[in-house]
Amino acid sequence: MNPIYGYMYTRPGNLWKEFDIVKKVSKNQQGYLHDSYEKTGKNLKGILSVAENQTAERTKHLWDQDQHSLTHVLSLRGRAMVRKGDYLACDEKIYLVLTTDTEGMVGGSSILYLEERNDLK
């Protein structure tokens, strides 16, 4: 048993998962802003969970709207290396980063709010 986590009970699927980072890159092409996505070759590890209604209610002020597409929450150790608009890929699923939150503002842990996307591969 890992002494860092003590004797915490974890269910299958609530363990650390590795995500590939796909960054959003904005370029000026003939005077127009063009967004594209580039694989970085970098990974991050975190614990993925389905967003509950309570989480959605607590975070709806981040989007300035009553309804939003928050589907998953990813908890990380340390500061997140992604920003709003980036994608995370894991197990043939794609997650759009809606926003990031650094808990306690000291960089010890981060929370990413994600939307699972089925239209991207």
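First, a word on what this report is: a plain description of the structure on this page. What you see as residue numbers is a count from 1 along each chain, following the sequence as written. At least 70 in pLDDT is required for a residue's local features to be given in this predicted model, at least 80 for side-chain atom pairs to be given and counted, and no such filter applies to totals for whole chains, interfaces and linings, which use all residues. As a rule here, side-chain values cover all heavy atoms of the structure and leave hydrogens and water aside.

## Section: the pairing of strand β6 (residues 109-117)
- Here strand β3 (residues 72-77) pairs with β6 via six bridges, running antiparallel. When the bridges of β6 are listed, Leu74 appears paired with Leu112.
- Note that strand β5 (residues 93-102) and β6 share eight bridges and pair antiparallel. Each residue of the ladder has a partner; that of Tyr95, found in β6, is Glu116. Only strands that DSSP links by at least two bridges are regarded as paired with each other. Every helix listed is a DSSP run of H or I at least four residues long, and every strand listed is a run of E at least two residues long, numbered separately from the N terminus.

## Some details on the pairing of strand β1 (residues 16-29)
- One ladder, built from 13 bridges, connects β1 with strand β2 (residues 32-50); its direction is antiparallel. For Val22, the partnering residue across the bridge sits in β2 and is Lys39.
- A loop of two residues connects β1 with β2, the two strands running antiparallel in sequence, and Gln30 in this loop sits at a positive phi of about 55 degrees.
- Two strands pair when backbone bridges link them, and β1 and strand β4 (residues 87-90) are joined in this way by three bridges, in the antiparallel orientation. Opposite Val22, over in β4, you have Tyr87 as the bridge partner.

## A look at the packing of aromatic side chains
- Aromatic pairing here means that ring centres of Phe, Tyr or Trp (its six-membered ring) are within 6.5 Å. Orientation follows from the plane angle: under 30 degrees is stacked, over 60 is edge-to-face, and everything else is tilted. Tallied over the full model, the rule gives two aromatic pairs.
- Ring plane angle 75 degrees and centroid distance 6.1 Å describe the contact between Phe19 and Tyr95, whose orientation is recorded as edge-to-face. Placement of the pair is Phe19 in strand β1 and Tyr95 in strand β5, with a sequence separation of 76 residues.
- Pairing Tyr37 with Tyr87 gives two aromatic rings, centres 4.7 Å apart and planes at 65 degrees, and the pair type is edge-to-face. Separated by 50 residues along the polypeptide, Tyr37 in strand β2 and Tyr87 in strand β4 bring together distant segments of the chain.

## As for the sheet that holds β2
- A barrel is described by the order of its strands in space; here six strands give the closed sequence β1-β2-β3-β6-β5-β4, paired in antiparallel fashion. Adjacent strand axes in the sheet meet at a mean angle of 40 degrees, parallel and antiparallel pairs treated alike.
- As defined by bridge partners, β4 adjoins β5 across four bridges and the pair is classed as antiparallel. Among the inter-strand pairings, Cys90 is bridged to a residue of β5, identified as Lys93. Only C-alpha atoms enter the line fits that serve as axes; for helices the fit covers just the stretch in contact. Angles between N-to-C directions range over 0 to 180 degrees.

## Structural notes on the environment of Val97
- For Val97, the position within the fold is in strand β5.
- With eleven residues separating them in the primary sequence, Val97 and Asp86 have C-alpha atoms 5.5 Å apart.
- Apart from residues lying up to four places away in sequence, Val97 is in contact with Val82, Arg83, Lys84, Gly85, Asp86, Leu88, Tyr113 and Leu114. Contact between two residues is taken to exist if any of their heavy atoms lie within 4.5 Å; hydrogens are not considered.

## Brief notes about the nonpolar core
- Among buried residues, those of type Ala, Val, Leu, Ile, Met, Phe, Trp, Tyr and Cys that are joined through side-chain atoms within 4.5 Å constitute a nonpolar core. Relative accessibility decides the category of a residue: with a 1.4 Å probe and only protein chains considered, values under 20% of the type maximum give buried, values over 50% give exposed, and everything between is partly exposed. Ranked by internal contacts, the top residues of the largest apolar core, which has 14 residues, are Phe19, Leu44, Leu74, Val82, Leu88, Leu112 and Leu114.
- Secondary-structure elements contributing two or more residues to this core are β1, β2, β3, β4, β5 and β6.
- Not counting residues up to four positions away in its chain, the partners in contact with Leu74 are Phe19, Leu44, Gly46, Ile47, Leu48, Leu88, Ser110, Ile111, Leu112 and Leu114.
- Val22, Ala89, Leu96 and Leu98 belong to the second largest nonpolar core, which has eleven residues in total.

## Digging into unusual backbone geometry
- For Gln30, which is not a glycine, the phi torsion comes out positive at approximately 55 degrees.
- With respect to the helices, strands and loops of the structure, Gln30 is situated in the loop between β1 and β2.
- The class for Gln30 is exposed, based on a relative accessible area of 81%.
- Despite not being glycine, Glu92 shows a phi value in the positive range, around 60 degrees.
- Relative to the assigned elements, Glu92 resides in the loop between β4 and β5.

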